[in-house]
Amino acid sequence: MKKTIFALATIALLSTGVSMAQRGYNPTVNRNPAPQTLPGSRQDEIKEEIKIDRLDAIVNLSRKQEKEIKRIEDRYDKMEMASRQRRNPKMYQRFQAQKQQEILNVLTSKQREKWFAFQQSNRFDRGNGYGRRS
């Protein structure tokens with residue numbers, strides 16, 4: 001009888017000791033950062049395709065225009081990887097503005113008007129930031 005009581009007491013002490021030895025949850029410690037999409041990676045290619053498809057659905061791009069936009073995206077990805085412009089916010093913004101301007105130059109004037117009209121219509125759909133999201 002004594003042996004079983006000692007065995008149960010030992011098991012109880014060990015189990016409580018083990019449960020107390022575990023660390024609590026701390027969300028900031030040892031968190032793996034989100035994976036970065038590097039230019040040229042498959043994830044980056046998928047994002048570019050989605051952007052081009054979205055633009056195509058709005059302004060009805062030709063196949064030649066799609067290829068040209070893809071070339072522009074790839075060229076700027078390579079230039080971005082070769083330079084350190086991503087570290088300087090002003091240079092990065094200038095870089096992105098140049099890329100956007102080149103993409104807009106590929107579009108015809110009617111397509112640009114459609115694109116700008118789409119952007120303007122979406123600007124007011126966002127609401128003012130207060131209240132419930134829909």
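These figures come from a predicted structure and were not determined experimentally.

### A look at the overall build of the chain
- Within the chain one finds 5 helices and 0 strands.
- Along the chain, helices (α) and strands (β) appear in the sequence α-α-α-α-α when read from the amino end.
- Residue burial in the chain is summarised as follows: out of 134 residues, 17% are buried.
- Considering only contacts in the chain between residues 6 or more positions apart, those separated by 24 or more positions represent 54%.
- Entry remark: accessible area of the chain is about 11700 Å², with carbon and sulfur atoms responsible for 55%.

### A look at helix α4 (residues 89–106)
- Taking 1.5 Å of rise per residue, the 18 residues of α4 would be expected to cover 26 Å, and the 26 Å separating its terminal C-alpha atoms lies within 8% of that figure.
- Regarding α4, the residues found buried are Phe-95, Lys-99, Ile-103, Leu-104 and Val-106.

### Here we look at the nonpolar core
- By size, the foremost hydrophobic cluster in this structure holds 13 residues, and its most contacted members are Leu-55, Val-59, Leu-61, Ile-69 and Leu-107.
- At 4 residues, α4 tops the list of elements feeding residues into this core.

### Some thoughts on the environment of Gln-96
- Mapping Gln-96 onto the fold places it in helix α4.
- On a C-alpha basis, the gap between Gln-96 and Glu-80 in space is 9.9 Å, while along the polypeptide they are 16 residues apart.

### Observations concerning the packing of aromatic side chains
- Under the definition given, this model contains 2 aromatic pairs.
- On the numbers, 5.1 Å between centres and 65° between planes, the contact of Tyr-76 with Phe-95 is edge-to-face. Taken as a pair, Tyr-76 in helix α3 (residues 63–82) and Phe-95 in helix α4 lie far apart in primary sequence, 19 residues in all.
- Judged by its relative accessible area of 4%, Tyr-76 falls in the buried class.
- Taking relative accessible area as the criterion, Phe-95 reaches 5% and is therefore assigned buried.
- Here the aromatic rings of Trp-115 and Phe-118 are separated by 5.9 Å at their centres, their planes lie at 25°, and the arrangement is stacked. Highlighted residues: Trp-115 and Phe-118, both in helix α5 (residues 109–123), separated by 3 residues, approximately one helical turn.
- For Trp-115, a relative accessible area of 12% puts it in the buried group.

### Re the packing of helix α2 (residues 42–59) against α3
- Contact geometry of α2 with α3 gives a least axis separation of 11 Å together with a crossing angle of 145°. α2 and α3 meet at a crossing whose hand is right-handed. Contacts between α2 and α3 pair Asp-44, Glu-45, Glu-48, Glu-49, Ile-52, Leu-55 and Asp-56 from the former with Glu-66, Ile-69, Lys-70, Glu-73, Asp-74 and Asp-77 from the latter.
- Tallied by class, residues from the contact of α2 with α3 come to 3 nonpolar, no polar and 10 charged.

Criteria and thresholds
- Along every chain, residues carry numbers that run from 1 in the direction the sequence is written.
- Per-residue local features are limited, in this predicted model, to residues with pLDDT of at least 70; the limit for side-chain atom pairs, both in listing and counting, is 80 or more; totals at the level of whole chains, interfaces and linings are taken over all residues.
- Side-chain calculation: all heavy atoms of the structure are included, whereas hydrogens and water are not.
- To qualify as a helix, a DSSP run of H or I must reach at least 4 residues; to qualify as a strand, a run of E must reach at least 2; elements of each kind are numbered from the N terminus.
- Burial classes follow relative accessibility: with a 1.4 Å probe on protein chains only, a residue under 20% of its type's maximum area counts as buried, one over 50% as exposed, and anything between as partly exposed.
- Between two residues, a contact is recorded if the distance between any of their heavy atoms is within 4.5 Å.
- Where accessible areas are quoted, they stem from the Shrake-Rupley method and a 1.4 Å probe; at the residue level, only the protein chains shown are allowed to cover.
- Under the convention used throughout, the expected extent of a helix is 1.5 Å for every residue step, that is, one less than its residue count.
- Here, nonpolar core means buried Ala, Val, Leu, Ile, Met, Phe, Trp, Tyr and Cys residues that are tied together by side-chain atoms lying within 4.5 Å of each other.
- A pair of Phe, Tyr and Trp rings is counted when the ring centres sit within 6.5 Å of each other, with Trp represented by its six-membered ring. The angle between the planes then sorts it: under 30 degrees is stacked, over 60 is edge-to-face, the rest tilted.
- The convention used is that axes are lines fitted to C-alpha atoms, helices contributing only their stretch in contact, and that angles between N-to-C directions extend from 0 to 180 degrees.
- Should the near helix be turned anticlockwise from the far one by less than a right angle, the crossing is termed left-handed; should it be turned clockwise, right-handed.
- Gly is put with the polar residues, along with every residue not named as nonpolar or charged; the nonpolar set is Ala, Val, Leu, Ile, Met, Phe, Trp, Tyr, Cys and Pro, and the charged set is Asp, Glu, Lys and Arg.

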